[in-house]
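# Chain and residue survey
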Amino acid sequence: QLDSSSDEVRATFVPLMLSRSFGRLAPAGAPAARRLSTMARPVVRNDWTREEIGAIYRLPFTELLHQASTMHRQHFDPLEVQRCTLLSIKTGGCNEDCKYCAQSTRYKTFVKPEPLMSVDAVVEAARRAKNAGSTRFCMGTAWRELGNKKGAFGKILKMVEEVNGMGLEVCCTLGMLSEEQARDLKKAGLTAYNHNLDTSREHYPNVITTRSYDDRLQTIANVRKAGISVCCGGILGLGESEDDRIGLLHELSTMPEHPESVPINALVPIEGTPMMQGGAAPDVFQMARTIATARILMPKSMVRLSAGRMSFSPLEQSVMFLAGANSIFTGDKLLTTANPAFDEDMMMFQSLGLKGKAPFSHLRSVSPEKVANVASAPAMPLQREATA
């Protein structure tokens, strides 16, 4: 077990392992700022060990933020933050037992089952989100898997086509997918598919029993095989230990290809769910440490500050941006829990000097011509209008 708080580890082990990412080693005793400023452009690694990740995660807080911020600037404009909107297109009635989720039929919560939204209603919500400054539109359904839901799937494919035609990035989270379903979504114009691991492999059975960890990894593999961008992250506050957070980051950073998008969610405890008693919302230090470590391990990935953002003040959120977060979800709702409204986010952006990120600008698979065409379009003003 490495004690990363010791001077010996900070002076030798951490610079050494970071040099494997940056490609060149500065003197071990050099100040951190000099070590990073003199290193070559980082090399993306997929061979991180848990020991290495733990040593990074447990660095002194300001040192960790500095290293993550330096890494962030190697790949992104640090003032660009993408605004995304997530819409629940089929709410409630899920038969899974995710202990944090208000949409499960196993728990008595405020959420009531609703049918799949119409294509027109979803397209209208996407239009409002675009007008309010969002460049990525995500659609979520409350069920375990698509399975044999052919009628619903046909409508969803139409939604994807319509939203894609608006020049927005389109993301879906629809539960488990087969290879064929992933290919159909790709043909319809889906940009990304979200399927979170939630937590470490070891802690996962304490949170969910109706879907295995390997089920999740298989869906991610099906999405990747279809050529769709992968969005995969986790939730903090599920009763996990620090080692579990490190384990989650290890799973993500040792995938054959890093997820292009890594959402970091903070638990929103909901009355009626087991996590109302068994979980605890993370503090700003736990969120920022996780975001910063993710940024160092997966330097080319978008790191998304997702659910639970209302728990943090604009100043606390600014620490997370400094740690390497470069995307937020905006609007009044995030699936079934509250989220800052569009105008509140606009005020925060103005206070921090942040700017929106154009759609498709971070996706390696998208042609430069499409990025240029979208980027040259006139910016849309923010409006005081909710998406759902």
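Residues numbered from 1 in each chain as written. Predicted model: local features only at pLDDT ≥ 70, side-chain atom pairs only at ≥ 80, totals over all residues. Heavy atoms only, no water.

The helix and strand tally for the chain stands at 14 helices and twelve strands. Looking at the chain residue by residue over its 388 residues, the buried ones come to 56%. Long-range contacts, defined here as pairs at least 24 residues apart, represent 74% of the contacts in the chain between residues at least 6 apart. Of the roughly 15700 Å² that the chain leaves accessible, carbon and sulfur atoms contribute 54%. (Helix = DSSP H or I, 4+ residues; strand = E, 2+ residues; numbered from the N terminus. Buried < 20%, exposed > 50% of the residue type's maximum accessible area, 1.4 Å probe, protein only. Contact = heavy atoms within 4.5 Å. Areas by Shrake-Rupley, 256 points an atom, 1.4 Å probe, with all protein chains shown as cover.)

Now for helix α7 (residues 179-188). All buried positions along α7 are accounted for by Gln181, Ala182, Leu185 and Ala188. For α7, the arc enclosing every buried residue in end-on projection is 120 degrees, short of the 170-degree limit, so these residues lie on one face. Of the residues in α7, the exposed ones pointing more than 90 degrees away from the buried face are Glu180 and Lys187. Buried positions along α7 lie against α6 (150-164), β4 (192-194) and α8 (213-225). (Arc of directions from axis to C-beta.)

Further remarks concern the side chain of histidine 72. In this structure, histidine 72 sits in helix α4 (residues 61-75). Leave out the neighbours within four places in its chain, and histidine 72 touches Pro78, Arg295, Phe321, Gly324, Ala325 and Asn326.

In the structure shown here, the tally under the stated rule is 24 salt bridges. Close ionic contact of lysine 355 with aspartate 77 constitutes a salt bridge, the shortest N to O distance being 2.8 Å. Residue lysine 355 is located in strand β12 (residues 355-356), and its partner aspartate 77 is located in the loop between α4 and β1 (80-90); the two are separated by 278 residues in the primary sequence. Judged by relative accessible area, which is 28%, aspartate 77 ranks as partly exposed. (Salt bridge = Lys/Arg side-chain N within 4 Å of Asp/Glu carboxyl O.)

The geometry of α6 relative to α7 is characterised by a closest axis approach of 8 Å and an angle of 35 degrees between their N-to-C directions. Relative to α7, the crossing made by α6 is right-handed. Where α6 abuts α7, its residues Phe153, Leu157, Val160 and Glu161 lie against Gln181, Asp184, Leu185 and Ala188. Residue classes in the contact of α6 with α7 are distributed as five nonpolar, one polar and two charged. (Axes fitted to C-alpha atoms, helices over the stretch in contact; angles between N-to-C directions. Left-handed = near helix turned anticlockwise from the far one by under 90°. Nonpolar A, V, L, I, M, F, W, Y, C, P; charged D, E, K, R; others polar.)

The next thing to look at is the packing of α4 against helix α12 (residues 314-323). At a minimum axis distance of 7 Å, the contact between α4 and α12 shows a crossing angle of 55 degrees. As the angle between them shows, α4 and α12 are arranged oblique. For the pair formed by α4 and α12, the contact residues are Phe61, Leu65, Ala68, Ser69 and His72 on the first element and Val319, Phe321, Leu322 and Ala323 on the second. Class assignment for the residues of the contact of α4 with α12 results in seven nonpolar, two polar and no charged. (Parallel < 35°, antiparallel > 145°, perpendicular 65-115°, else oblique.)

We now examine the confidence of the model for the chain. Considering every residue of the chain, the mean pLDDT works out to 83; 79% of them sit at 70 or more. Counting contacts from residues 23-40, a segment whose pLDDT is below 50, to residues more than four positions away or on other chains yields 29 contacts. Predicted confidence is poor over residues 364-388, with pLDDT under 50, and the contacts of this stretch with residues over four places away or in other chains come to 39 contacts. (pLDDT = per-residue confidence, 0-100.)

Both the distance between ring centres and the angle between the ring planes are used here to describe each pair of aromatic rings. Under the definition given, this model contains two aromatic pairs. Here phenylalanine 61 and phenylalanine 285 contribute two aromatic rings whose centre-to-centre distance is 5.0 Å and whose plane-to-plane angle is 70 degrees, an arrangement assigned as edge-to-face. With phenylalanine 61 in helix α4 and phenylalanine 285 in helix α11 (residues 284-297), this pair connects stretches of sequence that are 224 residues apart. Residue classification places phenylalanine 285 among the partly exposed positions, given a relative accessible area of 48%. Look at tyrosine 204 and tyrosine 213: their rings are 5.2 Å apart centre to centre, the planes differ by 75 degrees, and that puts the pair in the edge-to-face class. What makes tyrosine 204 buried here is its relative accessible area of 3%. On the basis of relative accessibility, which here comes to 4%, the residue tyrosine 213 falls in the buried class. (Phe/Tyr/Trp six-rings, centres within 6.5 Å; stacked < 30°, edge-to-face > 60°.)

Even without glycine at this site, aspartate 198 takes up a positive phi of about 75 degrees. When you line up the elements, aspartate 198 lands in the loop between β4 and α8. Note on aspartate 198: relative accessible area 2%, which makes it buried.

Taking 1.5 Å as the rise per residue, α6 with 15 residues should run 21 Å; its terminal C-alpha atoms sit 21 Å apart, in good agreement. The set of residues buried in α6 consists of Ala152, Phe153, Ile156, Leu157, Met159, Val160 and Val163. Along α6, the residues classed as buried sweep out an arc of 160 degrees about the axis, all on the same side. Those residues of α6 that are exposed and angled more than 90 degrees off the buried face are Lys150 and Gly151. Taken together, the buried residues of α6 touch β1, α5 (119-131), β2 (136-141), β3 (169-173) and α7. (Expected span 1.5 Å × (residues − 1).)

This paragraph deals with the pairing of strand β7 (residues 261-266). Every regular strand shows the same layout, with side chains that alternate between the two sheet faces. Burial analysis of β7 places six of its six residues in the buried class, which makes it a mostly covered element. Burial along β7 is two-sided: Ser261, Pro263 and Asn265 facing one way and Val262, Ile264 and Ala266 facing the other are all buried. By the bridge criterion, three bridges tie strand β6 (residues 234-236) to β7 in an arrangement that is parallel. Residue leucine 236 lies in a different strand from β7, and its bridge partner there is alanine 266. Chirality of the crossover, the property in question, places the unit of β6, helix α9 (residues 242-253) and β7 among those that are right-handed. The pairing of β7 with strand β8 (residues 302-305) spans four bridges and is classified as parallel. Within β8, the position partnered with isoleucine 264 by the bridge is leucine 305. (Pairing = 2+ DSSP bridges. Right-handed = clockwise from strand over helix to strand, strands pointing away.)

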